[in-house]
Each structure stands twice: as structure tokens, then as C-alpha cells.
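Read off the chains here:
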Amino acid sequence: MSSSAPQHPRPAGGHRLWSVDEHLADVLGTVRPLEPIELQLLDAQGCVLVEDVTVPVALPPFDNSSMDGYAVRTADVQGVSEEFPAVLTVIGDVAAGSGELPTVGPGEAARIMTGAPLPPGAEAVVPVEWTDGGTGGGAAAGMTPASAAPDQAGGEVRVHRAAEARAHVRARGSDVQAGDLALAAGTVLGPPQIALLAAIGRGTVRVRPRPRVVVLSTGSELVQPGEPLTAGTIYDSNSFALAAAARDAGAIAYRVGAVADDADTLRSTIEDQLIRADLLVTTGGVSVGAYDVVKEALSSVGSSGSSGTGDSDADVDVDATRIDFRKLAMQPGKPQGFGTIGPDHTPLLALPGNPVSSYVSFELFVRPAIRALMGLPESEVRRPSVRAVLKADQALGSPAGRRQFLRGKYDAETGTVSPVGGSGSHLIAALAHADSLMVVPEDVTSVEPGTELEVVLLG
């Protein structure tokens, strides 16, 4: 399933700095929505509808009771009270799902359950609490189960309160009428939408599927959580963070875990994962170090063994694979890679390895790519942003020429945002307590308390 645009020339990565906006535009200009498929209702949860769905039958399809009680003619219960109740003959039960219905005549009532069709002749429903429940006593608190006292479907019932016409009756079509638009194309299917589709009889629906996102972290120093650490090793948090973030964005995420700093191993792993990926995300190995193997590995993936032609700071363009490694004018997250890979031109985003750099890069570039694959409108592709006033003890510094993204805590009531932790790209604890990113523009090197900033909301 091809999910990206045909190959098109990109500016060489070289040593120039790309802006955040240029890089995002390149990503969104390449990624295309996934092809629609027909899915069972529960499998379609979280997917985007690609067709208008109209209502084939009215909801509810018949007049039905909204209460447990008795179906009556209004004339028979006019002017009644607890002192002078109406005494009606009970002619039978009407339960939800009942087929053949009794006809309610003068002086008669039918015991009726919530959701059951209103029987012919009846004009209203009196709740059981307005009656003696057929017991001959005072006001009833409920009905005796039919299995325990089937005789109470007959006999007499005393009604203590009057009911107006159509009281406690849900009218046919009061929810939706046949021919109404149930759901419009572009709707994301959540539980209420799934319920509506089921209620109008749809067993399947045509949607764009949730993208399958494969997350790989790289680094020989990485150990899986739950295993013991040895000298020089750390736990792999990036693959967990990015897989969780992909799910949060609406994708089906596959976490491959840590791959050692070996180009052949990484290349083989990526090639194995292509079969189940609509989008590949790697983290680590994209900088300028001697062990940044992502560039080396991606020089020949999908190329049937051909060797790469690009250098470490430029394009890699081999057959069906083209990955650009570039530097962005941002902090954190300066080194980035993007392109398409393999015969299906599967999009791949190569993110830096520092935890905060990786997560910020995901929010800015990978999340929009996932949302674009889903076919969501442009207004729902990016995280929402607001303007907020900086609340801090001192000015915040920012490097010249870089768009900085600082972790923050946003207060909607006061319209303020406070920094959380420092600017270091390794400070994952601070990230766990942040709910937003404060954006410092490229031409600003110091932000004084009280300054209004753009704030990207992460929640």
C-alpha cells in the first residue's frame, strides 16, 4: 500500500540549515493519505470515514416506551388521584422485542417495559411509580419480574396520576429520520460514532485505516527495561516514548526496540519491517559521530545490495530509497533525516537520539505525518497552539538563529506558561511533567518574564 507521493527532487542536505517550516513542508508534501478500505465496525475505531453515511431507517424505528409502566388511553386516566385512582384491566405484557401486540381498549392497560413498542390503542405510558403495580396496594416502587409473577400481566392496576398524550413515549424518528445524514466523510470514528453506525444497521464502513508505524531505536548502549544495567549502558526509553506517542496520534505502533550500532544489522532490521510499515521512525544515529549508523545503513536499504552514493551530510539516493540527512535551525533536534524507502516509497523519519530531541521532533514532524496518513483535515494535523504570557523568575535564553522549544506548564485560567526543567536535550524527567512546548523564535535570544509566547499544547 503506497502512502507517499512519487519521488521528487529535494534540495541537497549539504551543510545549510533548514528551517522547521521547510522540513515540515517537505514531510507533508511527500506523505499522502492511505488508500481507503472496508472494515468491521470495531476495527474502524479511530479511523477516518471516507464516505457520507445516510440513515436507511428511522431511529427509533417505532414509537416506544421510555419508562417501565403501563400503556394506557389518556381518557381513562384523566382527573385521577391517589384517593380516586383509575382501575384498569391489565390485558398483557409488552416487552422490548415483542412482535404481536395487544390492542388497548377503553378501561384497559398493557404492562410495558422500557424500549418496548407502544401497542395499538395506547396513547401514553404511566410509570409504574404512578400505580400500585397491580398489587392492590399503594404506590409501587417497581415491577415484579414476569418470571416470578406471570399472573401480574393480568388482573387490575390502579393508576394514581394522569398522563398527557404521548407522555413517556419516544416517537418514531425522534433521533434521526430515514435519509438523514448520519455521519459526514472526514469524521473520526470514536465510540459514539460506532454506536450510531451499529444502530442504523451498518456492519462495515469504508475508512482510511490507522497507519502502521514501526519505531526503531539505535545504540549499542541501550538496554531494555527490566534487564540489568552494566557499565556504560542506559535503558531504552525512546522507543517506548515514540511508540506511545504514535498510538496517541492515532496509529497502530510496533516497537522494535534497540538495534546495535551495526549498519548491516540495522539495514536488515529495517528491510524486515518494511512489510508491515506505512511509516518508519528511527531514533539515534543521525548526527556526525563515528557510530551514527543510520546514515550508513540507509544508504542501501531496498536497493538490492547496491552501494550508497551520498556522503554523511547530504542526500542518499539509491534506486527506490532516498533519504535526506539535514540540519535544522531548531533546538533541540538539529539533526534530522527524512525520505522514502523501498519499493512502496514508505516514508521514513530519522530522529536524533537524545530523549527530549527525539520527542520534540516527533511532535513537530512525525505526528503531523501520521495525521496526514489518516486523511485528517489540515486543521487537525498539527497540535493546537495558543498565546500565553511567560511566568518565570528570570529571563530565558535562546541561541541566535534557532527556533527553541522549551518544556512548559500551561495554565489556561491565567493564560500563563511556566518553564519546566532546563533546556538540556537529555532532561526526560522534566518532559514527563510538561504539558506544552514554549516556542522561542529564531530572532529572539532572550525572553523576559511577562513576554507573550506561542505555546504548543501537548495534551
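Residues numbered from 1 in each chain as written. Predicted model: local features only at pLDDT ≥ 70, side-chain atom pairs only at ≥ 80, totals over all residues. Heavy atoms only, no water.

Looking at the packing of helix H3 (residues 238–249) against helix H6 (residues 355–373)
- At their nearest, the axes of H3 and H6 sit 10 Å apart, and the two run at 30° to each other. By the angle class used here, H3 and H6 are roughly parallel. Here H3 and H6 pass one another in a crossing that is right-handed. Taking contact as the criterion, the partners of Asn238, Leu242, Ala245, Ala246, Asp248 and Ala249 in H3 are, on H6, Pro355, Ser358, Tyr359, Phe362, Arg367, Ile370 and Arg371. (Axes fitted to C-alpha atoms, helices over the stretch in contact; angles between N-to-C directions. Helix = DSSP H or I, 4+ residues; strand = E, 2+ residues; numbered from the N terminus. Parallel < 35°, antiparallel > 145°, perpendicular 65-115°, else oblique. Left-handed = near helix turned anticlockwise from the far one by under 90°. Contact = heavy atoms within 4.5 Å.)

Some remarks on the environment of Gly333
- Within the secondary structure, Gly333 sits in the loop between strand S21 (330–331) and strand S22 (335–341).
- Along the chain, Gly333 and Tyr359 lie 26 residues apart, while their C-alpha atoms are 9.0 Å from each other.
- Sequence-distant contacts of Gly333, that is, excluding residues within four places in its chain, are made with Leu328, Pro352, Ser357 and Ser361.

Some points on the sheet that holds strand S2 (residues 37–40)
- The strand order across the open sheet formed by three strands is S2-S13-S3, and the pairing between neighbours is antiparallel. Taken across any chain shown, the strands that pair with only one partner, and hence form the sheet edges, are S2 and strand S3 (48–49).
- Two elements, S3 and strand S13 (residues 204–208), share two bridges in a ladder whose sense is antiparallel. The partner of Leu49 across the bridge, within S13, is Val207. (Pairing = 2+ DSSP bridges.)

Structural notes on the confidence of the model for the protein
- Model confidence for the protein is summarised by a mean pLDDT of 87, while 87% of its residues fall at 70 or above.
- Predicted confidence in the protein is weakest over strand S19 (residues 315–318), with a mean pLDDT of 42, and strongest over S2, with 98.
- Contacts from residues 303–319, a stretch scored under 50 in pLDDT, to residues over four places away or in other chains number 40 contacts. (pLDDT = per-residue confidence, 0-100.)

Some words on the environment of Glu452
- Among the structural elements, Glu452 can be located in strand S30 (residues 452–457).
- For the pair Glu452 and Leu390, spaced 62 residues apart in sequence, the C-alpha to C-alpha distance is 6.1 Å.
- Not counting chain neighbours up to four residues away, the residues in contact with Glu452 comprise Arg387, Ala388 and Val389.
- Side chain to side chain, Glu452 and Arg387 meet in a polar contact 3.4 Å long. (Polar contact = N/O pair within 3.5 Å; in protein donor to acceptor, adjacent residues only side chain to side chain.)

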